[in-house]
Amino acid sequence: TLYKKYACSTCHSLDGSKITGPSWKGIWGTQEVTSAGTVKVDENYIRESILTPNAKVVGGYQNPSVMPSYTGILKDKDIEAIIAYIKTLK
């Protein structure tokens, strides 16, 4: 529901295809090369990417990121729900 409500689907696919942002499929637990070095895709990285999208932009994507910050828009429980959803996308 949140994936559609907040237009995550506009930039993040669920099938592995590359669009404006990285696909969420299979990303959980991987290592990504970002503008700030290599990072593990975990709770901290996803939370930071939602709240401060330009902190660590994945290589090959527009930098600065076109993703807006969801600070003040998403509640912690919403971010936790998105993280839980991403974990299921293998």
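Here's a quick rundown of the structure. On a predicted model such as this, the values are computed, not experimentally measured, just so you know.

Our focus in this paragraph is the overall build of the chain. Assigned secondary structure in the chain consists of three helices and two strands. Helices (α) and strands (β) of the chain occur, in sequence order from the N terminus, as α-β-β-α-α. Computed over the C-alpha atoms, the radius of gyration of the chain is 12 Å, within 12% of the 12 Å expected from 2.2 N^0.38 for a compact globule of 90 residues. Counting only C-alpha atoms and orienting by the principal axes, one finds that the chain spans roughly 30 × 30 × 20 Å. Considering only intrachain contacts with a sequence separation of at least 6, the fraction spanning at least 24 residues in the chain is 39%. Accessible surface, the chain: about 5300 Å² in total, of which carbon and sulfur atoms supply 53%.

With that settled, the discussion passes to the state of the cysteines. Within the structure shown, the criterion is met by zero disulfides. Residue cysteine 8 stays outside any disulfide, its sulfur separated by 8.9 Å from that of cysteine 11, the closest cysteine. The exposure class of cysteine 11 is partly exposed, given its relative accessible area of 22%.

Let's shift gears to the environment of alanine 84. Mapped onto the secondary structure, alanine 84 falls in helix α3 (residues 76–88). Taking the C-alpha atoms as reference, alanine 84 lies 9.9 Å from tryptophan 28; in sequence the two are 56 residues apart.

Here the focus is the packing of aromatic side chains. Taken as a whole and assessed by the stated rule, the structure comprises four aromatic pairs. Ring centres of tyrosine 3 and tyrosine 85 lie 6.2 Å apart, and the angle between their planes is 55°; this geometry places the pair in the tilted category. Residue tyrosine 3 is found in helix α1 (residues 2–5), and its partner tyrosine 85 is found in helix α3; the two are separated by 82 residues along the sequence. For tyrosine 3, a relative accessible area of 13% puts it in the buried group.

Where helix α2 (residues 43–51) contacts α3, the two axes come as close as 10 Å, and the packing angle between them is 125°. Here α2 is positioned oblique relative to α3, judged by the angle of their axes. Seen along the crossing, α2 lies across α3 with a hand that is right-handed. Residues Glu43, Ile46, Arg47, Ile50 and Leu51 of α2 lie in contact with α3, whose contacting residues are Asp76, Ile79, Glu80, Ile82, Ile83, Ile86 and Lys87. Here the residues of the contact of α2 with α3 are counted per class, giving seven nonpolar, no polar and five charged.

Sheet analysis places strand β1 (residues 31–34) next to strand β2 (residues 37–40), joined by four bridges and oriented antiparallel. What sits directly across from glutamine 31, in β2, is lysine 40. Between β1 and β2, which pair antiparallel and follow one another directly, the connecting turn spans two residues.

Cut-offs applied
Residues numbered from 1 in each chain as written. Predicted model: local features only at pLDDT ≥ 70, side-chain atom pairs only at ≥ 80, totals over all residues. Heavy atoms only, no water. Helix = DSSP H or I, 4+ residues; strand = E, 2+ residues; numbered from the N terminus. Rg over C-alpha atoms; globule rule 2.2 N^0.38 Å. Contact = heavy atoms within 4.5 Å. Areas by Shrake-Rupley, 256 points an atom, 1.4 Å probe, with all protein chains shown as cover. Disulfide = S-S within 2.5 Å. Buried < 20%, exposed > 50% of the residue type's maximum accessible area, 1.4 Å probe, protein only. Phe/Tyr/Trp six-rings, centres within 6.5 Å; stacked < 30°, edge-to-face > 60°. Axes fitted to C-alpha atoms, helices over the stretch in contact; angles between N-to-C directions. Parallel < 35°, antiparallel > 145°, perpendicular 65-115°, else oblique. Left-handed = near helix turned anticlockwise from the far one by under 90°. Nonpolar A, V, L, I, M, F, W, Y, C, P; charged D, E, K, R; others polar. Pairing = 2+ DSSP bridges.

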